[in-house]
Structure formats: C-alpha cells, structure tokens
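Each chain, written out:
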Amino acid sequence: VIRTRLTELLGISYPIVQAAMGYVSGPRLAAATSDAGGLGQIASATMSLAELEAAIAETAGRTSAPFGVNLRADADDAAERVKLIIAGHVPVASFAQAPRPELVAALKAAGVVTIASVGARRHAEKAAAWGIDAVIATGKEGGGHVGAVPTSLLIPQVVDAVDVPVIAAGGFCDGRGLVAALAWGAEGIAMGTRFLLTSDSPVPAAVKQVYLETGLDGTVVTTRVDGMPLRVLRTSMVDQLLATRGRAVMAADVPELLRAAMVDGRTDLGLMSSGQVAGVIDDLPSCAELIEAIVRDAEAGLERIATVRSV
Ligand SMILES: Cc1cc2nc3c(=O)[nH]c(=O)nc-3n(C[C@H](O)[C@H](O)[C@H](O)COP(=O)(O)O)c2cc1C
C-alpha cells in the first residue's frame, strides 16, 4: 500500500488528486474520485457563490470521503467563498493561482487543509512561508494555465525548496507516472486531462472524442486568450486565433468560450484546455477503474525497481 504524508494529511486512501477544471470538475467528477480513494475537487472559479454552495452540498451528499474546493484568491468574493467552504465543512481548499495569507490563515484556523498551485520554485517558497499545508507543482506539459518549467525539472526543484508535501502535476496518466513522481520526491500526483477523460466526467461525448483523437503535437500554449500562457487543444479556431494579429479574444469572452465546449459540446467554437498527455490517452475508464489501475501499476513498478537494486 502506497502511503505518503499526503495520504495522511488529506485522509485519503491513494495519493491521487483530481485537479480542478472549470466547467468539468463539479460534484459528479469530484465525488466519483473521492469515492474511489483519491481526492476529488470542485472547480469554483466558474461558479457563482450560490452555485458553489449547492455544489458543496451535492458533493457531500454523493460521497462521505474527503473532497476539496479550488478557488482563486484574487476573486472579489474570495472571502465569502472561504466562508462557504468552512460552513460546508469541506476538508480541503486549494488555490488556483497565488494564495493570499489572510485566506490561508482563515481556512487553517477552521481546520481546513490548504493547498497552493505553483509553476515555479519561488511561488512554492512564498506559499510555504504563508503556512500552506501542501503544494501542487504543475509542469509546462499540463493543461490550462501553465508555467515554463517541465515537470521533470520542476518537481525535484520544488521538493528541495519546501518542507510541505509536494503533489506533482502536468502530464500524469498512469502508475509509471506516480512512481516517477515518488522518485522525484513528490508525495502524490494530480491529474486534470486524465480525469476529464473518464466515464464519470460530465463533458459531452463529442468533446471527449476530440481529446481522444488528439496526438502528442495536438496542443499549443498561447497567451492570446487571456494574456497568460494557456495550453489548449489546437483546433482550427485556435489556429485562426494564432494567425490573427493582435489580441483576438476579449478576456470577458473566455468563460463563454470554455463553457461552449465543456458544457454545450461545441467543439467548433469552444476553447478546450488540455495537457499534452491527451496525446497518449485513448480510453474512458471510470474514476474507480482508473485509480485502481494506477495504484496496481505503481505497486508493480515499485517492486520492479526494488529488484533492479538487488541484481
Ligand atoms: C479542461 C481543463 C480545465 C481546467 N480548468 C482549470 C481551472 O478552472 N482552474 C485551474 O486552476 N486549473 C484548471 N486547469 C488546470 C488543471 O487544474 C491542472 O493544472 C492540469 O490539468 C494538470 O495537467 P494535466 O492535464 O497534464 O493533468 C484545467 C485543465 C483542464 C485540462
């Protein structure tokens, strides 16, 4: 059985976290992940306060296992979101980008475990100084907003920089990846794209099909969407955007474009955040099947590595 400081901290069976995904990781996906022994997370940045309150209640009704809520510290109503998390007895809160020390303090005072998302060593050091309980370090092969450092270089660097448990993200999909993350000194993995491509994910079938057909060269990082580097599927709409001079997408339109794909199934005009790992995924297991396979393969991998040593 793979036990780490992360499984202890979160009270989960396996060191596998479902990364927050706007319009994708709501109660259904979060509860399915948590029920399977991982940590499911509700992505709240794309929800109103009322929707978040309802999502917390629905998730708690679907699973008795721990789950998390992901929020943006720079949201105008971040303090109210923190109050909803505390009132709903949500065990874990994670920050999508930089946390704010007063929000971390309020959550910790209420007994909520806090996690920061980082893409560079200095962000991890800052969050650790604010008392964060764990960090998710995401390499540049990840989906959505990404930093510049690949996972294989970022994880060891962050592990060396902070004492709190590090969750490795960006490009993970299987048991070998979990073993690699443990070898780099991480205490678990977080996955977005892989959980989007499960039978428990609410994304329309036509959208899942586009991801399944994507090759390793099928994603692109662009700052043309909202000014920050965002990894998305390279659709013809995105190619047009890249070919047009100037800022072609207005920031206010971004949520609508994400929603058009993830909720309405409009693969022609929607924006689809995706990790490069989409290029090696070709099935749609349930969360339970996925987590079971990852744990089984990781245990086999650890045993195989032990025999390398005794040869
Ligand atoms: C479809 C999709 C939507 C995402 N939406 C969000 C989001 O709303 N907030 C956020 O902080 N990260 C978001 N991300 C990034 C993930 O939380 C995570 O960092 C990323 O998926 C990890 O890389 P992987 O896809 O290779 O597993 C999204 C990723 C995907 C694939």
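These lines cover the structure that appears in this document, whether it is placed above or below. (Residues numbered from 1 in each chain as written. Predicted model: local features only at pLDDT ≥ 70, side-chain atom pairs only at ≥ 80, totals over all residues. Heavy atoms only, no water.)

**Describing the sheet that holds strand 4 (residues 92-95)**
Within a sheet, adjacent strands bond to each other through the backbone by hydrogen bonds, running parallel or antiparallel. Here we have eight strands laid out as an open sheet, ordered 1-9-8-6-5-4-3-2, and parallel in their pairing. With one partner strand each, in any of the chains shown, strand 1 (16-18) and strand 2 (40-43) form the two edges of the open sheet. Strand-to-strand twist across the sheet, computed as the mean angle between neighbouring axes with direction ignored, equals 25°. As defined by bridge partners, strand 8 (residues 166-169) adjoins strand 9 (residues 188-191) across three bridges and the pair is classed as parallel. (Pairing = 2+ DSSP bridges. Helix = DSSP H or I, 4+ residues; strand = E, 2+ residues; numbered from the N terminus. Axes fitted to C-alpha atoms, helices over the stretch in contact; angles between N-to-C directions.)

**Brief notes about the sheet that holds strand 11 (residues 230-233)**
With respect to topology, three strands assemble into an open sheet ordered 7-11-10, the strand pairing being antiparallel. In the strand order of this sheet, the two ends are held by strand 7 (144-145) and strand 10 (219-222), each with one partner. Here strand 7 pairs with strand 11 via two bridges, running antiparallel. Each residue of the ladder has a partner; that of His-145, found in strand 11, is Leu-230.

**Regarding the site of the ligand**
The environment of the ligand is made up of 19 residues, and the closest members are Ala-20, Gly-22, Gly-171, Gly-192 and Thr-193. In the environment of the ligand, an oxygen atom lies 3.0 Å from a nitrogen or oxygen atom belonging to the backbone of Gly-22. With respect to the ligand, the backbone of Gly-192 contributes an N or O atom lying 2.8 Å from an oxygen atom. Protein coverage of the free-state accessible area of the ligand, which is 600 Å², stands at 86%. Each residue belonging to the shell around the ligand can be placed in one class, and the counts come to eight nonpolar, eleven polar and no charged. (Near = heavy atom within 4 Å. Polar contact = N/O pair within 3.5 Å; in protein donor to acceptor, adjacent residues only side chain to side chain. Areas by Shrake-Rupley, 256 points an atom, 1.4 Å probe, with all protein chains shown as cover. Nonpolar A, V, L, I, M, F, W, Y, C, P; charged D, E, K, R; others polar.)

**Quick word on helix 3 (residues 49-62)**
Taking 1.5 Å as the rise per residue, helix 3 with 14 residues should run 20 Å; its terminal C-alpha atoms sit 20 Å apart, in good agreement. Those residues of helix 3 that are buried lie in contact with helix 2 (27-35), strand 2, strand 3 (67-71) and helix 4 (78-87). (Expected span 1.5 Å × (residues − 1). Contact = heavy atoms within 4.5 Å.)

**What to know about the side chain of Asn-70**
Inspection of the secondary structure assignment puts Asn-70 in strand 3. Classification of Asn-70 as buried rests on a relative accessible area of 9%. (Buried < 20%, exposed > 50% of the residue type's maximum accessible area, 1.4 Å probe, protein only.)

**What to know about the packing of helix 3 against helix 4**
Orientation of helix 3 relative to helix 4, taken along the N-to-C sense of each, is 20°, at an axis distance of 10 Å. With respect to their mutual orientation, helix 3 and helix 4 come out roughly parallel. In terms of crossing hand, the pair formed by helix 3 and helix 4 is right-handed. Contact with helix 3, carried on its side by Leu-49, Leu-52, Glu-53 and Ile-56, involves Glu-80, Arg-81, Leu-84 and Ile-85 of helix 4 and no other residues of that element. (Parallel < 35°, antiparallel > 145°, perpendicular 65-115°, else oblique. Left-handed = near helix turned anticlockwise from the far one by under 90°.)

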